[in-house]
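Spelled out, the chains give:
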Amino acid sequence: KFHLPGYEERLALLRKKGSVYFSDQVLSEVARGCAGFSMAYVQEVVVNAVLQTATDGANPEDRALLESLYTLKHQRRDATKHDDTVADRGTVGFGPKQSHES
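The structure contained in this document is the topic of the report that follows. (Residues numbered from 1 in each chain as written. Predicted model: local features only at pLDDT ≥ 70, side-chain atom pairs only at ≥ 80, totals over all residues. Heavy atoms only, no water.)

**Things to note about the pattern of salt bridges**
This is how the line gets drawn: Here, a salt bridge means any Lys or Arg side-chain nitrogen found within 4 Å of an Asp or Glu carboxyl oxygen. Per-residue accessibility, obtained with a 1.4 Å probe over protein chains only, is compared with the maximum for each type, and a residue is labelled buried under 20%, exposed over 50%, and partly exposed between these values.
According to the stated counting rule, one finds three salt bridges in the structure shown. Where Arg15 meets Asp24, a salt bridge forms, and the shortest distance between an N and an O atom there is 2.7 Å. On the basis of relative accessible area, Asp24 is assigned to the partly exposed category, the value being 39%. Among the charged side chains, a salt-bridge network with shared partners connects Glu61, Arg63 and Glu67.

This is how it looks when you write it as structure tokens:
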């Protein structure tokens, strides 16, 4: 199992992958908005934004990154079982399901 990344880890990855295209202010906002995401999913926010703008024949802008975050958060929420979320577990990977009951 791997622990989900904290804000600083998410921000570092977003800066590494997206600083060429997006402002630091928006990268920070997206890092806060990615709470509960795995590192792969954080990276997907950038990849999705860049690919979408390329498909549209445009250059990546801050708005594209925010739209990507919005889209992926909704896709993730719709695909998640209501009684078993990654954010609730705090980890991602394989292993026995842990009970949250006291």
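**Quick word on the environment of Ala64**
Just so we agree on the cut-off: Here a strand is any run of E in DSSP of at least two residues, a helix any run of H or I of at least four, and the numbering for each starts at the N terminus. Throughout, a contact is declared for two residues whenever any of their heavy atoms are within 4.5 Å.
Along the chain, Ala64 falls in helix H4 (residues 62-79). By relative accessible area, which is 8% here, Ala64 ends up buried. Separated by 15 residues in the primary sequence, Ala64 and Ala49 place their C-alpha atoms 5.3 Å from one another. Not counting residues up to four positions away in its chain, the partners in contact with Ala64 are Ala49 and Thr53.

**Concerning the nonpolar core**
The criterion, for reference: Only buried residues count toward a nonpolar core. Its members are Ala, Val, Leu, Ile, Met, Phe, Trp, Tyr and Cys residues joined through side-chain atoms within 4.5 Å.
Among the nonpolar cores identified, the biggest contains 18 residues, and Leu14, Val30, Cys34, Val45 and Leu65 are the most heavily contacted of them. At the level of secondary structure, the elements contributing two or more residues to this core comprise helix H1 (7-18), helix H2 (24-33), helix H3 (39-55) and H4. Setting aside chain neighbours within four positions, we find Cys34 in contact with Arg10, Val42, Val45 and Leu69.

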